[in-house]
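Fold and contact review
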Amino acid sequence: MREYGLIGYPLSHSFSQKYFTEKFLKEGIGNAVFHAFSIPSITDLSTVLKEHPALKGFAITIPYKKAITPFLTTQSPAVRQMGACNCVKIEGTTLLGYNTDVIGFEQSFIKRMQSHHNKALILGTGGAAAAVEYTLQKLQIDYSFVSRTANKEQNILGYGDLNADVMTVHTVIINCTPLGTYPETGDAPTIPYDAITSQHYLFDLVYNPPLTRFLQLGKAKGATIQNGYEMLVIQAEENWKIWNA
């Protein structure tokens, strides 16, 4: 039996497990199973690997996309640059790290991008935000991070810094936090939504619910919106290619 999986914590709802289980059935992929490994510490990875010797590869989600890197035998150039990994291929005792979030985000993001979408706010500073930063650099879109604690030396604004002038200049706003994820669907990043206009593009990496509070508030102002579902599908298929290459 070929085994694949996802590591993260908590994993109360796993897109990957549902997606791959349905994929195996739909495409007639036999002798394969996908596990959700909810581990409270990244150090528990060694136990997962020991207990599942048939594991061919696994995906990584919150909060381990950065914490996984010391466990990798080799890293793709993208992983080395951004310090975040969401896909591992296993070859014997070798763990090869990749980042397919960048592919998923770019392919989904550019479909609705317009010429005036040339400056962005990245909400959050975790592993997903690192993939978004990598992609924005590639697309030559200027950006600043936004976090609870500002750090001007690291290009990080505080939420309190987001006034109308800042919002007007930054026409792209990308939510890389878990805020608004089911079941806490009433949550949303604390940005000045009154300053959102039809010139803005709000992208939410959250996919459940499909229309988060963040996107609802943007849509009400006429902004272009996109959730994270398509991005997840793209990166899942890229993971599958890597695991079976």
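In the block above lies the structure referred to throughout.
Quick look at the structure, then. None of these values were measured; they are calculated from a predicted model.

Okay, the pattern of salt bridges next. Scanning the model with the defined rule gives nine salt bridges in all. Taking the shortest distance from any N to any O, the salt bridge between K89 and E91 comes out at 3.4 Å. Exposure remark for K89: the relative accessible area of 9% places this residue in the buried category. Here E230 ties to K111 by a salt bridge, and the two come within 2.5 Å at their closest N and O atoms.

Let us now look at helix α7 (residues 213-220). The periodicity of an α-helix, 3.6 residues per turn, causes residues three or four places apart in sequence to face the same way. The complete set of buried residues in α7 reads F214, L215 and G218. Viewed along the axis of α7, the buried residues span an arc of 90°, placing them on a single side of the element. Those residues of α7 that are buried lie in contact with β7 (119-123), β10 (172-175), β11 (201-204) and β12 (224-226). Immediately beyond the C-terminal end of α7, within one or two residues, lies G222, with a positive phi of roughly 85°.

Let's shift gears to the nonpolar core. Counting residues in each nonpolar core, the largest one holds 19 residues, and the members touching the most others are F105, F109, L136, I174 and L205. Elements with a minimum of two residues in this core: α4 (101-109), β7, α5 (127-138), β8 (142-147), β10 and β11. With four residues, the top contributor of residues to this core is α5. Setting aside residues no more than four positions away along its own chain, L136 makes contact with F105, F109, A120, I122, I141, Y143 and I174.

Judged by pairing direction, the sheet is mixed, and its six strands sit side by side in the order β2-β1-β3-β5-β6-β4 without closing on themselves. Because the sheet does not close on itself, it has two edges, and the strands there are β2 (32-38) and β4 (74-75). Note that strand β1 (residues 2-8) and strand β3 (residues 55-60) share five bridges and pair parallel. Bridging across to β3, L6 finds its partner in A59. Here helix α1 (residues 15-26) sits on the sheet and contacts β1 and β2; the angle it forms with β2, its principal contact strand, is near 175°.

Geometrically, a packed helix pair is captured by the angle between its two axes and the distance between the axes. Contact geometry of α4 with α5 gives a least axis separation of 9 Å together with a crossing angle of 55°. Considering their axes alone, α4 and α5 lie oblique with respect to each other. Crossing geometry of α4 relative to α5 is assigned as right-handed. Here D101, V102, F105, E106 and F109 of α4 lie close against α5, whose contacting residues are A131, V132, Y134, T135, L136 and K138. For the contact of α4 with α5, the class distribution of residues is seven nonpolar, one polar and three charged.

Scoring rules and cut-offs
Residues numbered from 1 in each chain as written. Predicted model: local features only at pLDDT ≥ 70, side-chain atom pairs only at ≥ 80, totals over all residues. Heavy atoms only, no water. Salt bridge = Lys/Arg side-chain N within 4 Å of Asp/Glu carboxyl O. Buried < 20%, exposed > 50% of the residue type's maximum accessible area, 1.4 Å probe, protein only. Helix = DSSP H or I, 4+ residues; strand = E, 2+ residues; numbered from the N terminus. Arc of directions from axis to C-beta. Contact = heavy atoms within 4.5 Å. Core = buried A, V, L, I, M, F, W, Y, C linked by side-chain atoms within 4.5 Å. Pairing = 2+ DSSP bridges. Axes fitted to C-alpha atoms, helices over the stretch in contact; angles between N-to-C directions. Parallel < 35°, antiparallel > 145°, perpendicular 65-115°, else oblique. Left-handed = near helix turned anticlockwise from the far one by under 90°. Nonpolar A, V, L, I, M, F, W, Y, C, P; charged D, E, K, R; others polar.

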